[in-house]
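Chain by chain, the residues run as shown.
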Amino acid sequence: MKFSIIKDFLVAQYKIIRGNRFGMFGAVILLFFGTIALLAPYIAPHELWESLRDSGGKLAILRQPSLEFPLGTTAMGRDILSQLILATRTTVLIGLTSGLVSILIGANIGLLAGYYGGKLDEVFMRFTDIIYGMPFLPFLIVLISLFGRNIWFVIIAICCIIWRTSARVIRAQVMSIRQRQYIQAAKARGCSNFRIIYGHIMPNILPLLLLYTAFNIAWSVLAEAGASFLGFSDPNNITWGGMLYNLWISGKIRTAWWWFATPSICIILLVSALVFISRAYEEVANPRLKQR
Amino acid sequence: MQEFIIRRTIYTLFTIFAVATILFFIFRIMPGDPTAQVISPALDEASQARLKEAFGLDKPLYIQYALYLKGLVTLEWGRSFTTSKPVFDILKYRFWNTVFLMGAAMSFTLILGTALGMIMAWKRGGPLDVSATVSALVLQSAPPFVTGILFLMVLSYKLDLFPTGGMNTPGERLPTGIAMLFNKDFLHHLVLPAITTAFYYLATPMLIMRDSMLEVTGSDYIELAQAKGLSPATVMIKHAARNALLPVFTVSSVLIGFALGGQVIVEQVFSWPGMGQLMVEAASSHDYPVAQATFLLLAVLIVVLNLLADISYCYLDPRISVPGGKK
């Protein structure tokens, strides 16, 4: 790929996001969380599992937000701000990895099934239907229960299921594009199938691809939060959902509103940022939406 | 039409069979000794061997598979590892609890969502449209346990308007059967979990209805209706909405599938004794027969609901020419 192509691509994406208020908001939030995730170990004021004492020497259990502990402390005396910052890294990592891998799977299945049709299409779609029949969170739970509480099993479990929606939608789009004239012309010229699929069709479904990339990452974050809240997460790598799980099992849900508010707001911000960005791409992929 | 229904039903059965098979293999390839989950290694050799035989764990894999399938069909789903109760009995009770909660939540979502979507399309671009879009998207971004806990904190703990969980007040017994649905205590406990689930999924039918309405209002027959002099409300409801509902129907089957999976969280937050909570309990305590059966039951429910939605869609939209059916 030449540099100019990549540059044009990036400029085009910037224009799409810039032209949409939702998209801008989403992009700013994403940048914010991305930066925190990158710099996490350097900006967290305290250790993750460190039980802290206040200036008087007492164990700082369940303190409300104050100057000393900007976001308060947990039932074990741990600083919530530090936990939040360090958890950002894990959450973003899981979301990005699962989201990107799942869109790779889904896009390729959709492209191949849509382009080749026939037997291949039937096999792929039957398989997709089977995956559609599996309830998402229970599958995650079963997998974690069987294989152990590890961050990689969470990622694998999410990737196994989330690709299903994008596969169907992309396949439908490819099927409509494949009849178009420029594809027929490319075939007549003797283009290889590979080149047609990845050189001609894929660039034309790019807004749809990016839309579902954003959605997949959003759904991954939500799924991971849900699984963590139920206790099916890696105890060594804290995520925002994991913080809420700790809150739930400590039984302090009635009183510790600060412990509840901060991870929840972070999850909501991150996911809605992704959803807003995907809405910006939706207007590109479906221009009729913009005129409405 | 008939051929289509038969084909779809066979296809559904095949999907269920495939999910059951996948489940069988997942539970067999897990690390560690599966027998250690059933049979305490502290027992002596003879007891262990006897228990192994009783649970069928010593037979070759393909025989275990055949026994597994046979057990599924004959409703012999094994016994729980933790309580030794037959799994079928446990599920029989929990199944309906989940179905009732789902039914309430989904009805609320679909009715409120389509109504809102219709109004939003009518007053397109106005403050209602924009604010509803944003709030729906934000609600969709909040995991159900966040909204659930928020409701709990505000409506239950602070204002004491609703109970904090469970299906009934401890000590009070609910009537069994249909009478339970009309019991005041039951309904009182149903409200919060139902709204929590409903709000989470509200965005989808709402936005789809809105987009569908906008597409429909450009059509000729709407122009004719307006030219006929019908009131805007009549045009909107009687003509536009009826036709705009179709995409909502298509998406509702997928929605119910997603919702069934997400029930786990809401049931856990509100301690609602349904299949979702059972799933979490079973998975945490490694009670594999229960976990396996619950998962399979959820999957079957999803697939069957999708099938029903597909079949009903055929009847609803006469424009679809089904291969082999009448046009």
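Residues numbered from 1 in each chain as written. Chains lettered and ligands numbered in written order. Predicted model: local features only at pLDDT ≥ 70, side-chain atom pairs only at ≥ 80, totals over all residues.

**A closer look at the overall build of chain B**
Here is step 1 of the chain: Helices and strands together make up the secondary structure of chain B, namely 13 helices and 0 strands.
Here is step 2 of the chain: Going residue by residue from the N terminus, the α and β elements of chain B occur as α-α-α-α-α-α-α-α-α-α-α-α-α.
Here is step 3 of the chain: For chain B, the C-alpha atoms occupy an extent of roughly 85 × 60 × 35 Å along the three principal directions.
Here is step 4 of the chain: For chain B, the residues scored as buried account for 37% of the 327 residues in total. (Helix = DSSP H or I, 4+ residues; strand = E, 2+ residues; numbered from the N terminus. Buried ≥ 20, exposed ≤ 12 C-beta atoms within 10 Å, placed from the backbone.)

**Here's the deal with the overall build of chain A**
Here is step 1 of the chain: In terms of regular secondary structure, chain A is built from 12 helices and 0 strands.
Here is step 2 of the chain: When the helices and strands of chain A are placed in sequence order, the string is α-α-α-α-α-α-α-α-α-α-α-α.
Here is step 3 of the chain: Viewed in the frame of its principal axes, chain A has a C-alpha envelope of about 80 × 45 × 35 Å.
Here is step 4 of the chain: The long-range share in chain A, meaning contacts at least 24 apart out of those at least 6 apart in sequence, stands at 70%. (Contact = placed C-beta atoms within 7 Å.)

**A look at the packing of helix α9 (residues 206-229) of chain A against helix α11 (residues 257-285) of chain A**
Residues and elements named next belong to chain A.
Here is step 1 of the chain: Contact geometry for α9 and α11: axes closest at 8 Å, N-to-C directions at 160°. Judged by the angle between their axes, α9 and α11 are roughly antiparallel. Here α9 runs over α11; the crossing is left-handed. For the pair α9 and α11, the contacting residues are Pro-207, Leu-208, Leu-210, Leu-211, Ala-214, Phe-215, Ile-217, Ala-218, Val-221, Leu-222 and Ala-225 in the first and Ile-267, Leu-270, Val-271, Leu-274, Val-275, Ile-277, Ser-278, Tyr-281, Glu-282, Val-284 and Ala-285 in the second. (Axes fitted to C-alpha atoms, helices over the stretch in contact; angles between N-to-C directions. Parallel < 35°, antiparallel > 145°, perpendicular 65-115°, else oblique. Left-handed = near helix turned anticlockwise from the far one by under 90°.)

**What about helix α5 (residues 136-147) of chain A?**
Here is step 1 of the chain: For α5 of chain A, which comprises 12 residues, the first-to-last C-alpha distance of 17 Å matches the rise-based estimate of 16 Å (1.5 Å per residue) to within 8%.
Here is step 2 of the chain: Along α5 of chain A, the residues classified as buried are Phe-136, Leu-137, Pro-138, Phe-139, Leu-140, Ile-141, Val-142, Leu-143, Ile-144, Ser-145 and Leu-146 of chain A.
Here is step 3 of the chain: The secondary structure elements touched by the buried residues of α5 of chain A are α6 (151-177) and α9 of chain A together with α1 (2-28), α11 (232-269), α12 (275-284) and α13 (288-316) of chain B.
Here is step 4 of the chain: Just past α5 of chain A, the residue Gly-148 of chain A takes up positive phi, approximately 105°. (Expected span 1.5 Å × (residues − 1).)

**Here's the deal with the nonpolar core**
Here is step 1 of the chain: Counting residues in hydrophobic clusters, the biggest one holds 165 residues, and the most contacted among them are Leu-140, Ile-141 and Ala-218 of chain A together with Met-279 of chain B.
Here is step 2 of the chain: With 16 residues, α9 of chain A is the single largest residue contributor to this core.
Here is step 3 of the chain: Met-279 of chain B has contacts with Pro-138 and Ile-141 of chain A together with Val-264, Ala-291, Thr-294 and Phe-295 of chain B, leaving out every residue within four places of it along the chain. (Core = buried A, V, L, I, M, F, W, Y, C linked by C-beta atoms within 7 Å.)

**Section: unusual backbone geometry**
Here is step 1 of the chain: Positioned with a positive phi, Ser-271 of chain B is a non-glycine residue whose angle comes to about 50°.
Here is step 2 of the chain: Using a count of 15 C-beta atoms within 10 Å as the deciding quantity, one classes Ser-271 of chain B as partly exposed.

**As for the interface of chain A and chain B**
Here is step 1 of the chain: With 33 residues of chain A at the contact, the number on the chain B side is 38 residues.
Here is step 2 of the chain: The element best represented in the side of chain A that touches chain B is α11 of chain A, accounting for 9 residues.
Here is step 3 of the chain: The residue makeup of the side of chain A that touches chain B, split by class, is 24 nonpolar, 6 polar and 3 charged. (Nonpolar A, V, L, I, M, F, W, Y, C, P; charged D, E, K, R; others polar.)

**A closer look at helix α8 (residues 184-201) of chain B**
Residues and elements named next belong to chain B.
Here is step 1 of the chain: Over its 18 residues, α8 extends 26 Å from the first C-alpha to the last, a length consistent with the 26 Å expected when each residue adds 1.5 Å.
Here is step 2 of the chain: The axis of α8 is deflected most strongly, by about 35°, at Val-191, and proline Pro-193 appears within four residues downstream.
Here is step 3 of the chain: Within α8, burial applies to His-189, Leu-190, Leu-192, Pro-193, Ala-194, Ile-195, Thr-196, Thr-197, Ala-198, Phe-199, Tyr-200 and Tyr-201.
Here is step 4 of the chain: If you follow the buried residues of α8, they end up packed against α5 (87-122), α6 (127-141), α7 (144-158), α9 (203-216) and α11. (Bend = angle between axes of the 7 residues up to and from the residue.)

**A look at the confidence of the model for chain A**
Here is step 1 of the chain: Within chain A, residue pLDDT values average 86, and 97% of them lie at 70 or more.
Here is step 2 of the chain: Here helix α12 (residues 288-291) of chain A stands out as the element of chain A with the lowest mean pLDDT, 54, in contrast to helix α3 (residues 80-116) of chain A, whose mean of 92 is the highest. (pLDDT = per-residue confidence, 0-100.)

**So, the packing of helix α2 (residues 21-43) of chain A against α11 of chain A**
Residue and element names in this part refer to chain A.
Here is step 1 of the chain: Contact geometry for α2 and α11: axes closest at 7 Å, N-to-C directions at 140°. One element, α2, and the other, α11, form an angle in the oblique class. In this structure, α2 crosses over α11, and the sense of that crossing is left-handed. Packed against α2, whose contacting residues are Phe-22, Gly-23, Phe-25, Gly-26, Ala-27, Ile-29, Leu-30 and Phe-33, the element α11 presents Leu-269, Leu-270, Ala-273, Leu-274, Phe-276, Ile-277, Arg-279 and Ala-280 at the interface.
Here is step 2 of the chain: Residue composition of the contact of α2 with α11, grouped by class: 13 nonpolar, 2 polar and 1 charged.

**Thoughts on the environment of Gln-13 of chain A**
Residue and element names in this part refer to chain A.
Here is step 1 of the chain: Within the fold, Gln-13 resides in helix α1 (residues 3-18).
Here is step 2 of the chain: Exposure remark for Gln-13: the 19 C-beta atoms within 10 Å place this residue in the partly exposed category.
Here is step 3 of the chain: Residues Gln-13 and Ser-145 lie 132 residues apart in sequence; the distance between their C-alpha atoms is 41 Å.

**Quick notes on the environment of Leu-96 of chain A**
All names here are of chain A.
Here is step 1 of the chain: With respect to the secondary-structure elements, Leu-96 resides in helix α3.
Here is step 2 of the chain: What makes Leu-96 partly exposed here is the crowd of 15 C-beta atoms within 10 Å.
Here is step 3 of the chain: As a C-alpha pair, Leu-96 and Gly-133 span 37 residues in sequence and 25 Å in three-dimensional space.

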